Amino acid sequence: MSEEQEVQRSKWYWLFRNIWNKLKTFVKGFVSKRPFWTVVFGVALIYLLITARGSYQPLMLFARKYYLLLLVVMFFLGIYYQRLKNKEWKGKILVTLIFGASLIFLYWVGPKAYKYIALYTHYHTIDKVLINELPSTDHERIQPLNSIRTLINQEALSETEDATTPRFVRGEKGQYYFTACKGPSAEYKVQQFTKDMYQVLEIPGDLPSPNFSSKFRTDVDFVTGELLLFSKNSNISVRKRFGLFEFFNYEPSDVIFLRDDDGEWVQVVSLVRWKGFLFPRPVFGGVMIQKQKNHNNGFLQRLFLGHGDYISPEQIESVEYLSGQNLLPNRVARFTAECFRFRHGFFAPMPFYHEGDIRIPQLPRDQSPMPFVLYADLKKPGKLYNYFGLEPYQEQKKGLSLSLYLPGDGEEKVYFMDHDESEQNYIGSSAIPAKIIESKKNYDWSENYPAESRPYVREIGGEKRLFWLSTIVTKAGKTESEYIGGSVPEITLTDANYGTVVWIEQDSLMIDNYWERKLKNTLTPYWKKED
């Protein structure tokens, strides 16, 4: 190498070259002087790279999702280094302040701009299907999700037990249930490492008062689960099943417990796929099926290879117990709903503009946020959908702008009804609690309140009509999310056109067609005025 070439090398080159030379000298010396420890450290490093890949995979996925932002940061870092050399101390302070301000700006604006473009791209790539009327609903659940969670915690668990988040699913013979699985509590780490997930709770969704007797419990033995640690954790075991492509593009999400086609309980882990090169966006990536303990999922296999059988989104329709189920990850559903902010163009959600902008209603913290999982007959046969009732961007405006139905089994189509365009003056779900409280002012609303106002659609009086089904719940714990629907709860049905609240008596909850008959008798005078 000539002297002229030597001079042309930058300080970056010499920095990395010197580090490399020193590292190489250290390694050679260590290997020659301590061969035994070299072998030990080498084996330990390989072991960790293989067995711990489920723990560091989220870091690799983060770098893949935001590599463009990371490159920008590195670019600014390079400029900062170049500008810093040969500067007086005052100049170095100024350059450092500018660099710090740039990093703060990138931290504040970068992720938001990233998501903005990803949402816009997602809106123009999904298969949107406009529907002309709302589909009828059925198999309504009486208890809200958080009420089931609180009741399980209070009535179905011992001191050392915990349970997974209940999920509303289709069970055998077309019935619909909340399912959750019991395992060791997070308070007892030794048990989380040594025990398995050992009992599934299956609570009928149409029961006014949930029953946790042995009739609705099934003993199981899952060696992996949400409540377990290390290789026994379901998320870690799923990450170890990923190939090279999936390792940098997929992540595990919600865990659901279902009966397979043979009637055996399986653990279904839904997957999120980050699709797109420059601005990745979350889409449904299929599921990983984890069966109960057998000779094929022993300790060594779980430790090195993970646990689970992958089923792609395209294959789900051909698997009977998965087709029509609620498998869609919550993150994917909310991202898809949020992308409809761009229905009036790229600049529609921009600050100080918001042309035709919409929002997912921010429900109180004591309620489960949208989407609401419900059964609808958009197609025959009906199945479970994730429903969003989107409202105008300004929170004080509570009309229903858009109804979204996202198939729970990952079907690529997104069904929507634009109420603004059809000039349907529906009340949004966030306005319903005030209507209910106003309808019974003498009620003790300090300890009771309406929860989860979800769609109830029926053909009454020769016309499809939208109501909001709400359950009156009672505070049952120290935190706002702890409430129950009572031994037998009260429910209300609120007309989405007139805001009229119809109360359903507790002793009439299970009577066939009673809800519809009472709606018809109460609201017919209002409907006749339309004619």
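Everything below is about the structure printed above this text.
Heads up: these notes are all about the structure in this document. (Residues numbered from 1 in each chain as written. Predicted model: local features only at pLDDT ≥ 70, side-chain atom pairs only at ≥ 80, totals over all residues. Heavy atoms only, no water.)

**What about the overall build of the protein chain?**
Part 1: A count of helices and strands for the protein chain gives 15 helices and 21 strands.
Part 2: For the C-alpha atoms alone, the extent of the protein chain along its principal axes is close to 100 × 60 × 45 Å.
Part 3: The long-range fraction of contacts in the protein chain, counting pairs at least 24 apart against all pairs at least 6 apart in sequence, stands at 60%.
Part 4: Of the charged side chains in the protein chain, 66 are positive and 61 negative; the average position of the first set lies 11 Å away from that of the second. (Helix = DSSP H or I, 4+ residues; strand = E, 2+ residues; numbered from the N terminus. Contact = heavy atoms within 4.5 Å. Lys, Arg positive; Asp, Glu negative; His and termini not counted. Charge placed at Lys NZ, Arg CZ, Asp CG, Glu CD.)

**Let's talk about unusual backbone geometry**
Part 1: Note the cis peptide between methionine 370 and proline 371, where omega equals 15°.
Part 2: Looking at the element boundaries, proline 371 is found in the loop between strand S12 (358–359) and strand S13 (372–376).
Part 3: Phi at lysine 173 is positive, roughly 60°, even though this residue is not glycine.
Part 4: Mapped onto the fold, lysine 173 is located in the loop between strand S4 (167–170) and strand S5 (176–184).
Part 5: Of note in this structure, glutamate 452 is not a glycine but carries a positive phi near 50°.
Part 6: Note that glutamate 452 resides in strand S17 (residues 448–460).
Part 7: The class for glutamate 452 is buried, based on a relative accessible area of 0%. (Buried < 20%, exposed > 50% of the residue type's maximum accessible area, 1.4 Å probe, protein only.)

**Here's the deal with the pattern of salt bridges**
Part 1: If you walk through the whole model with that rule in mind, you get 23 salt bridges.
Part 2: Glutamate 338 is the partner of lysine 115 in a salt bridge, and the nearest nitrogen-oxygen pair spans 3.3 Å. Of this pair, lysine 115 sits in helix H6 (residues 89–125) while glutamate 338 is found in helix H13 (residues 330–338), placing the two residues 223 residues apart along the sequence.
Part 3: On the accessibility criterion, lysine 115 (38% relative accessible area) is partly exposed.
Part 4: When the shortest N-O distance is used, the salt bridge between aspartate 420 and arginine 343 registers 3.2 Å. Of this pair, aspartate 420 sits in the loop between strand S16 (413–418) and helix H14 (432–439) while arginine 343 sits in the loop between H13 and S12, placing them 77 residues apart in sequence.
Part 5: With relative accessibility at 41%, the residue aspartate 420 sits in the partly exposed group.
Part 6: Salt bridges sharing common partners tie together Asp138, Glu140, Arg458 and Glu516. (Salt bridge = Lys/Arg side-chain N within 4 Å of Asp/Glu carboxyl O.)

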